[in-house]
Amino acid sequence: MDETLDRFLPAYGHRTVHGITLAAPPHEVWAALHAVTLAELPLPRMLLALRTLPSRLRGKGPDLLDRSVPLAELFRRGDRWVTLAEEPGRSLVLGRVARFWSPVPGEPAPLRDGAGFLSFREPGYAKAVISHEVLAYGTGSRLVTETRIQGTPARPATGGSRPEQRARRRRNSSPPPVPGASLP
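Residues numbered from 1 in each chain as written. Predicted model: local features only at pLDDT ≥ 70, side-chain atom pairs only at ≥ 80, totals over all residues. Heavy atoms only, no water.

> I'm lost on the nonpolar core in this one. Help?
Burial of nonpolar side chains together is a common tendency in soluble globular proteins. In terms of nonpolar packing, the biggest core is built from 14 residues, with Phe8, Leu84, Val97, Leu111, Phe117, Phe120 and Val129 touching the most fellow members. Of all the elements in the fold, those that place two or more residues in this core are helix H1 (2-8), strand E2 (82-87) and strand E3 (91-98). With three residues, E2 is the single largest residue contributor to this core. If we ignore the near neighbours within four places in the chain, the residues touching Phe117 are Phe8, Leu84, Gly95, Arg96, Val97, Leu111, Lys127, Ala128 and Val129. Grouped together as the second largest cluster of nonpolar side chains are ten residues, Ala24, Val29, Leu94 and Ala128 included. (Core = buried A, V, L, I, M, F, W, Y, C linked by side-chain atoms within 4.5 Å. Buried < 20%, exposed > 50% of the residue type's maximum accessible area, 1.4 Å probe, protein only. Helix = DSSP H or I, 4+ residues; strand = E, 2+ residues; numbered from the N terminus. Contact = heavy atoms within 4.5 Å.)

> Please clarify how helix H2 (residues 26-35) should be interpreted in this entry.
Counting along an α-helix, one turn takes 3.6 residues, and residues three or four places apart therefore face a common direction. Listing the buried residues of H2 in full gives Val29, Trp30 and Leu33. Within H2, the buried residues cover an arc of 100 degrees as seen down the axis, which keeps them to one side. Residues of H2 that are buried in the fold lie against strand E1 (14-22), E2, E3, strand E4 (126-137) and strand E5 (140-151). (Arc of directions from axis to C-beta.)

> When you look at the pairing of E4 in this model, what are you seeing that I'm missing?
Strand residues, when the strand is regular, have side chains that alternate between the two faces of the sheet. When E3 meets E4, the two strands line up antiparallel, connected through eight bridges. Bridge pairing in E4 places Val93 opposite Ser131. Alignment of E4 against E5, held across twelve bridges, turns out to be antiparallel. Of the residues in E5, the one forming a bridge with Ser131 is Glu146. (Pairing = 2+ DSSP bridges.)

> Hey, could you run me through the packing of aromatic side chains in this one?
Overall, the coordinates contain two aromatic pairs when judged by the stated rule. Each ring, one from Phe8 and one from Phe117, has its centre 6.4 Å from the other, and the planes form 70 degrees; the classification is edge-to-face. Here Phe117 lies in helix H5 (residues 114-119) and Phe8 lies in helix H1, a separation of 109 residues in the sequence. Given the relative accessible area of 0%, Phe117 is considered buried. Centre to centre, the rings of Phe120 and Tyr125 are 5.2 Å apart; their planes meet at 85 degrees, and the pair counts as edge-to-face. Each member of the pair, Phe120 as well as Tyr125, carries the same accessibility label: buried. Above the face of the Tyr125 ring, Arg99 is positioned so that its terminal group lies 4.0 Å from the ring centre. Here Lys127 stacks its cationic end above the ring of Phe117, 5.0 Å away from the centre of that ring. (Phe/Tyr/Trp six-rings, centres within 6.5 Å; stacked < 30°, edge-to-face > 60°. Lys NZ or Arg CZ within 6 Å of the ring centre and 35° of its normal.)

Geometry only, nothing functional implied.
Below, the structure written as C-alpha cells:
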C-alpha cells in the first residue's frame, strides 16, 4: 500500500497509521468496511455533527449526518473524496483537497480523479489521502488504515516587492529628515 500512497502523496507533514486484527475472513471485513454507517458509530457521528455545524447552520454543504448511508458512499457525495486507487476486496485509497482548518471549509477543490489530485497546486489548501487495506492474517484478517496530509506549496516568492508596491511606498512616505534643517 505504501507504493500507492507514495504515488499520490510521497511527502507529507502528518501521517497516522492504525491497524486491527479481526477474527473474520478478508471478504467479510471488506464488506463490513463498505457497509458501516454513522448509526453504528456514535462518537464519529458526534464529532462529524460538531465539525459540520457551522455549514449546516448556514444551510450549506451536503448532509453528512445521514445515519442510513454507508460511510464509504456518504463521504464521496458531492465529490468530497475521490477514489484515487482501488483493488476491490483488498484496498481503497481516497483523496481530498480542502481547507481542513477552516471552521467552514467551503467546497472542496474540484477533483474528478487521481490525475486531478496529483496536478492540484493552488496555494492555501491541504491534500489528504486515506487508505484502507484488508490483508489475510492467520485465520482472520488485518485491517490497516493510513492517513497522510500535506499542505499545497506556498505562494511563490516574488524576489522582493513588486515595482508598483515600491512606487506606492515611495509616494506615501515622507523624505528622511535632513540633519540641521529646521521644520516649518
